Amino acid sequence: MSERTPNIEESWQLALQDEFSASYFIGLKEFLKDEKQKHEIFPPGSRIFAALNFTPLTAVKVVILGQDPYHGRGQAHGLCFSVSEGVKPPPSLVNIYKELHDDLGIPISKSGNLEKWAQQGVLLLNATLTVRAGQAGSHQGKGWETFTDQVIKTISDLRAGIVFLLWGKYAQDKEVLIDQSKHFILKAPHPSPFSATRGFFGCKHFSKTNQILQDIGLEEIDWNPES
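Presented here is an overview of the structure given in this document. All figures in this text were calculated on a predicted structure; none of them were measured in a lab.

## Some details on the overall build of the protein chain
For step 1, the next point in the chain: The number of helices and strands found in the protein chain is nine helices and six strands.
For step 2, the next point in the chain: Taking 17 Å as the expected radius of gyration for a compact globule of 227 residues, we find that the protein chain reaches 17 Å, a close match to that expectation.
For step 3, the next point in the chain: A principal-axis box enclosing the C-alpha atoms of the protein chain has dimensions of 45 × 35 × 30 Å.
For step 4, the next point in the chain: Each of the 227 residues in the protein chain was classed as buried or not, and the buried ones make up 53%.
For step 5, the next point in the chain: Counting only contacts in the protein chain whose residues sit at least 6 apart along the sequence, the fraction spanning at least 24 positions is 67%.
For step 6, the next point in the chain: In the form shown here, the protein chain has an accessible surface area of approximately 10400 Å², with 50% of it arising from carbon and sulfur atoms.

Written as structure tokens, this is what we have:
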């Protein structure tokens, strides 16, 4: 990140401008500057805000919340659950693809890159936007959650009719940030192999999301990451 305001898409830049001068964010930048001198950090600096850059505030139709970037080399590229092209899809993403296939008949993709979702208005937002190589959760509690909570609240306040997909307890705890009188919330267990069989499989969130979008007069999401 730069010394000044991060390079973020214009509609987000405007909506979040007060965050960048807040004391927690200044502290977060100092922490990251120190971390980069001592450790390898994922994703690359240019991809830290990829979720916001791919999906402007004005374009958001669906929000999927993750927790932490992948901490393996070459995996994280700024979109939750997504991995860089050419990287084997991790287990949670494989389970997302299985549910997609069962729900909508979409072939299970060999690509783990979900940029095509993001380009259609699916905000793929992790709660923590960076991680130390090989150390899951290493950047939690440093300020990122305050920032991404504000992203969620901004969507809730400034937009209407957004579909929030909350998978697992961590994501579901963010429900308090969302105005349920004007947004839609779909909840299921996390797609991790540890919990997917407890209700993520069979949740049909992809078809349900498209039905909601259709009902409010918006174009459905093409959930096939390769189409």
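## Notes on the side chain of Lys61
For step 1, the next point in the chain: Checked against the element boundaries, Lys61 lands in the loop between helix H4 (50-54) and strand S2 (62-66).
For step 2, the next point in the chain: Although buried, Lys61 forms no salt bridge, and the nearest oppositely charged side chain, Glu219, lies 5.3 Å from it.
For step 3, the next point in the chain: Apart from residues no more than four positions distant in its own chain, Lys61 is found in contact with Gln120, Gly121, Gly161, Ile162, Val163, Leu213, Leu218, Glu219, Glu220 and Ile221.

## Description of the environment of Glu40
For step 1, the next point in the chain: Residue placement: Glu40 occurs in the loop between helix H3 (23-38) and strand S1 (41-42).
For step 2, the next point in the chain: Glu40 sits 33 residues away from Arg73 along the chain, and the two C-alpha atoms are 9.3 Å apart.
For step 3, the next point in the chain: Once residues within four sequence positions are removed from consideration, Glu40 is found in contact with Arg73, Val131, Arg132 and Ala133.
For step 4, the next point in the chain: In this structure the side chain of Glu40 is engaged in a polar contact, spanning 2.3 Å, whose partner is the side chain of Arg73.

## Considering the packing of aromatic side chains
For step 1, the next point in the chain: Inspection of every chain in the model, using the stated rule, returns 15 aromatic pairs.
For step 2, the next point in the chain: Through successive ring pairs, a cluster of aromatic residues spans Phe81, Trp117, Trp167, Phe200, Phe201, Phe206 and Trp223.

## Quick word on the pairing of S2
For step 1, the next point in the chain: Across the five residues that make up S2, a large majority, five, are buried.
For step 2, the next point in the chain: Taking every second residue as pointing to the same face, both faces of S2 are buried, with Val62, Ile64 and Gly66 on one and Val63 and Leu65 on the other.
For step 3, the next point in the chain: As paired elements, S2 and strand S3 (residues 122-126) share five bridges and run parallel to each other. Paired with Val62 across the two strands is Val122, which belongs to S3.

Procedures and definitions
Residues numbered from 1 in each chain as written. Predicted model: local features only at pLDDT ≥ 70, side-chain atom pairs only at ≥ 80, totals over all residues. Heavy atoms only, no water. Helix = DSSP H or I, 4+ residues; strand = E, 2+ residues; numbered from the N terminus. Rg over C-alpha atoms; globule rule 2.2 N^0.38 Å. Buried < 20%, exposed > 50% of the residue type's maximum accessible area, 1.4 Å probe, protein only. Contact = heavy atoms within 4.5 Å. Areas by Shrake-Rupley, 256 points an atom, 1.4 Å probe, with all protein chains shown as cover. Lys, Arg positive; Asp, Glu negative; His and termini not counted. Salt bridge = Lys/Arg side-chain N within 4 Å of Asp/Glu carboxyl O. Polar contact = N/O pair within 3.5 Å; in protein donor to acceptor, adjacent residues only side chain to side chain. Phe/Tyr/Trp six-rings, centres within 6.5 Å; stacked < 30°, edge-to-face > 60°. Pairing = 2+ DSSP bridges.

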